[in-house]
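Report on the structure
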Amino acid sequence: MMLIDDVSVLARMLRGQPRTGTHAEKLQGFYAPQAARYDNFRERLLHGRERLVDLLDVWPGDRVVELGGGTGRNLDYFDKCLPRLASYDLVDLCPALLDVARARVGQILGANIRVHEADATTWQPERLADVVLMSYSLTMMPDWRAALANAGAMLKPGGKLAVVDFHLPEHSSPLMAAFWRRWFAHDGVHLSREHLPTLASRYEPLARVERHAAVPYLPGLAVPYYLFIGRKP
Ligand SMILES: C[S@@+](CC[C@H](N)C(=O)[O-])C[C@H]1O[C@@H](n2cnc3c(N)ncnc32)[C@H](O)[C@@H]1O
């Protein structure tokens, strides 16, 4: 079953993200055919998400915003904390993934979770957030500097920005860096050497982990990713 499910996801990934249309249209064109199988496949590709939520150490009454929250998979990692949060706002531009998120939220009782179809570079919550989470979304935002500026603007002083994503480490070999850059760009994911240093320069680092992880169907290769949690000065 897994293989059959994977075939349709892989077929979409091999075709790549549509080259024309607005950013939102490209995301919808890419994700709509694979939305139902998204979580299953990404479980083996998007590493470190559960660890990031564990490290985050949210408090009762916290206001959490997730930018580029997709299907809401990270909600499951918050689990029993969810009803104790003041709010959890999940923001994403892709209607197909948000349909899955809304179905998931419908199964969660007693938590104040709101789902917003909106652009992470401009959307703002009604009240400042204690935590902003970005999980494999920064690399999919063409204007990542605007997304980070917007994330910073919605955080309280002392609030935490938490990011997990692929990247190109400072000392990675030029050959591997070129390979990963090209491999991911096909699907609209833009690996960068700048993301992690930019985060570390703007936020007081509370956690910083750099790792490599296996990629489904690419035996012998490991892609670099990082976890970063920083406090807003
Ligand atoms: C690789 S997915 C990760 C989804 C989810 N965070 C997870 O960990 O499963 C990247 C997400 O970023 C969203 N995204 C990309 N650009 C966006 C933007 N400008 N505003 C809001 N969401 C965006 C995509 O629609 C997609 O859901």
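In this text the structure is predicted, and so the values were computed from the model without any measurement.

**Re the overall build of the protein chain**
Across its full length, the protein chain holds 9 helices and 7 strands. The C-alpha radius of gyration computed for the protein chain amounts to 17 Å, which stays within 12% of the reference 17 Å derived for 233 residues, consistent with globular compactness. Seen through its principal axes, the protein chain has C-alpha atoms that stretch 45 × 40 × 30 Å. The buried share of the protein chain, taken over its 233 residues, is 36%.

**A word on the site of the ligand**
Near the ligand there are 22 residues, and of these Gly68, Gly70, Cys94, Ala120 and Ser137 occur at the shortest range. Of all the elements in the fold, those that place two or more residues in the shell around the ligand are helix H5 (73-78) and strand E2 (87-92).

**As for helix H7 (residues 144-154)**
Taken together, the buried positions of H7 are occupied by Trp144, Ala147, Leu148, Asn150, Ala151 and Met154. The arc that holds every buried residue of H7, seen down its axis, measures 160 degrees, which confines them to one face. Residues of H7 that are exposed and angled more than 90 degrees away from the buried face: Arg145, Ala149 and Ala153. In this fold, the buried residues of H7 make contact with strand E1 (63-67), strand E4 (129-135), strand E5 (155-166) and helix H9 (195-202).

**A closer look at the sheet that holds E2**
Pairing is mixed across the open sheet formed by 7 strands, whose spatial order is E3-E2-E1-E4-E5-E7-E6. Where the open sheet ends on each side, the last strands, each with one partner, are strand E3 (113-117) and strand E6 (204-214). Within this sheet the neighbouring strands show an average axis-to-axis angle of 15 degrees, counted without direction.

**Observations concerning the nonpolar core**
With 58 residues, the main nonpolar core has Val132 and Ala151 as its most contacted residues. Here Val132 is in contact with Val65, Leu67, Ala151, Met154, Leu155 and Leu161, once residues within four sequence places are set aside.

**Quick word on the pairing of E2**
The element E2 is extensively covered by neighbouring structure, given that 5 of its 6 residues are classed as buried. Alignment of E1 against E2, held across 5 bridges, turns out to be parallel. Within E2, the position partnered with Val64 by the bridge is Tyr88. Taken together, E1, H5 and E2 constitute a β-α-β crossover, and its handedness is right-handed. As paired strands, E2 and E3 are joined by 5 bridges and run parallel to one another. Opposite Leu90, over in E3, you have Val115 as the bridge partner. A crossover links E2 with its parallel partner E3, the connecting element being helix H6 (residues 95-106), and its sense is right-handed.

**Observations regarding unusual backbone geometry**
With glycine set apart, most residues show a phi of negative sign, and most peptide bonds adopt trans. Backbone geometry at Asp79 places phi at a positive 45 degrees, although glycine is not the residue there. By secondary structure assignment, the location of Asp79 is in the loop between H5 and E2. With phi around 55 degrees, Tyr136 is a residue other than glycine that occupies positive phi space. Mapped onto the elements of the fold, Tyr136 is located in the loop between E4 and H7.

What counts, and at which threshold
Residues numbered from 1 in each chain as written. Predicted model: local features only at pLDDT ≥ 70, side-chain atom pairs only at ≥ 80, totals over all residues. Helix = DSSP H or I, 4+ residues; strand = E, 2+ residues; numbered from the N terminus. Rg over C-alpha atoms; globule rule 2.2 N^0.38 Å. Buried ≥ 20, exposed ≤ 12 C-beta atoms within 10 Å, placed from the backbone. Near = placed C-beta within 6 Å. Arc of directions from axis to C-beta. Contact = placed C-beta atoms within 7 Å. Pairing = 2+ DSSP bridges. Axes fitted to C-alpha atoms, helices over the stretch in contact; angles between N-to-C directions. Core = buried A, V, L, I, M, F, W, Y, C linked by C-beta atoms within 7 Å. Right-handed = clockwise from strand over helix to strand, strands pointing away.

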